[in-house]
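# Chain and residue survey
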Amino acid sequence: MELEKYIVTNSGNNINTFFLFNNDKFKTCLEGLFKIIYKYNTLEGNCLCDLVNNKLILRENYENSRKNLFYQTKNVNNILEIGFNSGFSTLLMLLSNNYSKILCIDICRHIYTKECFKFLQTEFPERLTLIEGDSQIVLKEINFDFKFDFVEIDGNHTYEYHKNDLLDAMKFTKKGTIIFMDDLNNHGGPKTIKSFEGKINKYYIKDLWDKFIELKIILPVKDWYPNKYHGLGIQNVTF
Ligand SMILES: C[S@@+](CC[C@H](N)C(=O)[O-])C[C@H]1O[C@@H](n2cnc3c(N)ncnc32)[C@H](O)[C@@H]1O
């Protein structure tokens, strides 16, 4: 299968030299997802590619994000993902081991989201669940009789949402849960926002991440592929 038909690199690097692009299941699933995205010709930012002038371009600088999503979910059973979008990060985690189950929460504001989800659900039976809704409503309504081992926070990209999504998710996690928080370089937009300590100011999500680390609620991981776009840590407390 020639994935170059669907996705290209800006640098001229061969797509097959990138992480997992030689894996047959990855290729089959990408082809399915790419077809859906091309049909609707729209795509929100994600860990894999951008849609520019009707062409998918690989995000080469997100290679380490993809590796972390894959390698850090190798030994986990239950994953909570806030922000499914078109399923690229979900796909990496699904391929990482054959047994994990992933609960995705997404507001499904994009026309392609549910179709991409159904496609992956068919490719990986019994492993995926989607709850459609605003994470801040859903997380307050749901409950589980188990704890998640890995949480990816990648829904609404404001400081406030990232903070509350993580704090609410921590009702369903434990000491040792791996936390992946995306978009550290984002802030709450032009408006001022409420910080972790209740002050009103404009903060980047990285400030929030640093605060969790400073308070030792999350400990940094040592064995990761360094990346400025996301934080990766181990939860150090059980709430
Ligand atoms: C950046 S995309 C996620 C990308 C995905 N994790 C990946 O790397 O392939 C963010 C997703 O979060 C969803 N979203 C935005 N606000 C949300 C909210 N308040 N609750 C739940 N999902 C939300 C968007 O609809 C979008 O699908």
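Look above for the structure.
The structure reproduced in this document is the subject of the present report. Just so you know, these numbers come straight off a predicted model, no measurement behind them. (Residues numbered from 1 in each chain as written. Predicted model: local features only at pLDDT ≥ 70, side-chain atom pairs only at ≥ 80, totals over all residues.)

## Looking at the sheet that holds strand β4 (residues 78-82)
The seven strands are arranged β6-β5-β4-β7-β8-β12-β11 in an open sheet whose pairing can be described as mixed. In the strand order of this sheet, the two ends are held by β6 (128-132) and β11 (218-220), each with one partner. Each strand of the sheet is rotated relative to its neighbour by a mean of 20°, with strand direction disregarded. Looking at chain direction, strand β7 (residues 150-153) and strand β8 (residues 178-181) are connected through four bridges and run parallel. Bridge pairing links Phe150 to Ile178 in β8. (Pairing = 2+ DSSP bridges. Helix = DSSP H or I, 4+ residues; strand = E, 2+ residues; numbered from the N terminus. Axes fitted to C-alpha atoms, helices over the stretch in contact; angles between N-to-C directions.)

## A look at the sheet that holds strand β1 (residues 7-8)
In spatial order, the strands read β1-β3-β2; together these three strands make up an open sheet with mixed pairing. One side of each edge strand has no neighbouring strand; the edge strands of this open sheet are β1 and β2 (49-52). Sheet topology places β1 next to strand β3 (residues 55-58); two bridges connect them, and they run parallel. Bridging across to β3, Ile7 finds its partner in Leu56.

Functional significance is not addressed by these values, which are geometric in nature.
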